[in-house]
Amino acid sequence: MDLAAAELAAGRFLEALGISTDSESLRGTPGRMARAYAELFSPRPFDLTTFPNDEGYEELVLARGIPLRSVCEHHLLPFVGTAHIGYLPGARILGLSKLARVLEHFACRPQVQERLTKQVADWLDGNLAPRGVGVVVEAEHTCMTLRGVQATGTTTVTSTFLGELRADARYRAEFLSLTGTAG
Ligand SMILES: Nc1nc2c(ncn2[C@@H]2O[C@H](COP(=O)(O)OP(=O)(O)OP(=O)(O)O)[C@@H](O)[C@H]2O)c(=O)[nH]1
Ligand SMILES: [Zn+2]
């Protein structure tokens, strides 16, 4: 990332939109814009901490209501909401915080909600080798609610189910019921 170049470009962007940055209050705005977007596009590294599933726990492990913030790649406006991420353990279980960290990892980039949902599910599937994975994301896209069609209050729901959570309707129903997304 080149923050100085981003600040220069942000200043030119505002100028082109007829927004003067001459006042004391706006003087630092191009720099703040550059730093704000840099922050939104900088995922924090994390360790994949897993433990042996010594007890042979076979049921759903589910983190509900994980806060989500990302940026839509079409308008670079935020979308915010919650994600529910769960898996059916195989030989290993995952450190619980990592479910939120995986989400953050894929959210910190220009995104579309469908891809984000699938990337989280595929990452868990590939790195943890669980028997099944489920990811449901509910988010408000400000490009759709604050501007454009201005569909205030609309939320978008996306989901990906893999393995036994895809194949076995009982597990999927349990996931949807526990997350309150069964409809
Ligand atoms: N599928 C999908 N679309 C998204 C997402 N975030 C934003 N969009 C949509 O991306 C589309 C871009 O459409 P365009 O017609 O190129 O842009 P636009 O003229 O600003 O469209 P309007 O928002 O309808 O005014 C819009 O329909 C947005 O709602 C997302 O996560 N997934
Ligand atoms: Zn958008």
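Computed from a predicted model, the values in this text were never measured in an experiment.

The rules we used
- Residues numbered from 1 in each chain as written.
- Chains lettered and ligands numbered in written order.
- Predicted model: local features only at pLDDT ≥ 70, side-chain atom pairs only at ≥ 80, totals over all residues.
- Helix = DSSP H or I, 4+ residues; strand = E, 2+ residues; numbered from the N terminus.
- Buried ≥ 20, exposed ≤ 12 C-beta atoms within 10 Å, placed from the backbone.
- Contact = placed C-beta atoms within 7 Å.
- Domains from an automatic or database assignment.
- Core = buried A, V, L, I, M, F, W, Y, C linked by C-beta atoms within 7 Å.
- Near = placed C-beta within 6 Å.
- Nonpolar A, V, L, I, M, F, W, Y, C, P; charged D, E, K, R; others polar.
- UniProt positions renumbered as here; feature names shortened; annotations may be inferred.
- pLDDT = per-residue confidence, 0-100.
- Pairing = 2+ DSSP bridges.

Caption draft 1: Highlighting the overall build of the protein. The secondary structure content of the protein amounts to 8 helices and 7 strands. Projected onto its principal axes, the C-alpha positions of the protein cover 65 × 35 × 20 Å. A buried classification covers 23% of the 183 residues belonging to the protein. Taking all contacts inside the protein whose residues are at least 6 apart in sequence as the whole, residues at least 24 apart take part in 68%.

Caption draft 2: Structural detail: the domain arrangement of the protein. Partitioning the protein into domains gives domain 1 (3–40) and domain 2 (50–178). For domain 1 and domain 2, the distance between their C-alpha centres works out to 33 Å.

Caption draft 3: A look at the nonpolar core. With 25 residues, the main nonpolar core has Ala 83, Leu 103, Val 120, Val 133, Val 135, Val 137 and Leu 165 as its most contacted residues. Of all elements in the fold, only strand E3 (78–88), helix H4 (97–107), helix H5 (113–128), strand E6 (132–141), strand E7 (156–163) and helix H8 (169–178) reach the threshold of two or more residues within this core. Every residue in contact with Leu 103, bar those within four places of it in the chain, is listed here: Ile 66, Leu 68, Ala 83, Ile 85 and Val 120.

Caption draft 4: Inspection of the site of ligand 1 at higher detail. As a matter of local geometry, ligand 1 sits amid Cys 72, His 74, Val 112, Gln 113, Glu 114, His 141, Cys 143, Met 144, Gly 148 and Val 149. Residue composition of the shell around ligand 1, grouped by class: 5 nonpolar, 4 polar and 1 charged.

Caption draft 5: Seen up close, the UniProt feature "binding site: Zn(2+)" (unreviewed entry) in the protein. Annotation from UniProt places "binding site: Zn(2+)" (unreviewed entry) at Cys 72, His 75 and Cys 143. The greatest C-alpha distance among the annotated residues, which extend across 72 residues, is 7.9 Å, indicating that they converge on a single site. Take Cys 72: it is sitting in strand E2 (residues 61–72). The contacts of Cys 72, once residues within four sequence positions are left out, are Leu 77, Phe 79, Gln 111, Val 112, His 141 and Cys 143. Within the secondary structure layout, His 75 lies in the loop between E2 and E3. Classification of His 75 by C-beta neighbours within 10 Å gives partly exposed; the count is 15.

Caption draft 6: Expanded view of unusual backbone geometry. A positive phi is found at Leu 76, a non-glycine position, where the angle reads about 55°. Positionally, Leu 76 belongs in the loop between E2 and E3. Given 12 C-beta atoms within 10 Å, Leu 76 falls into the exposed group. Of note in this structure, Ala 129 is not a glycine but carries a positive phi near 50°.

Caption draft 7: Up close: the confidence of the model for the protein. Of the residues in the protein, 100% have a pLDDT of 70 or more, and the chain-wide mean is 97. Scored by ipTM, the complex comes to 0.91, with pTM at 0.94.

Caption draft 8: Structural context of the environment of Gln 113. Residue placement: Gln 113 occurs in helix H5. Remark: the alpha-carbon pair of Gln 113 and Glu 7, spanning 106 residues in sequence, is separated by 28 Å. What Gln 113 contacts, discounting residues up to four positions off in sequence, is Phe 79, Val 137, Ala 139, Thr 156 and Thr 158.

Caption draft 9: Representation of the UniProt feature "domain: GTP cyclohydrolase I" (unreviewed entry) in the protein. According to UniProt, the feature "domain: GTP cyclohydrolase I" (unreviewed entry) maps to residues 10–178 in the numbering used here. Taken end to end, residues 10–178 is 40% helix and 29% strand, and its first and last C-alpha atoms sit 44 Å apart.

Caption draft 10: A look at the pairing of E6. Of all 10 residues in E6, 8 are buried, a share of seventy percent or more. Examined bridge by bridge, E6 and E7 share 8 bridges and lie antiparallel to one another. Across the sheet, Val 137 pairs through a bridge with Thr 158, a residue of E7.

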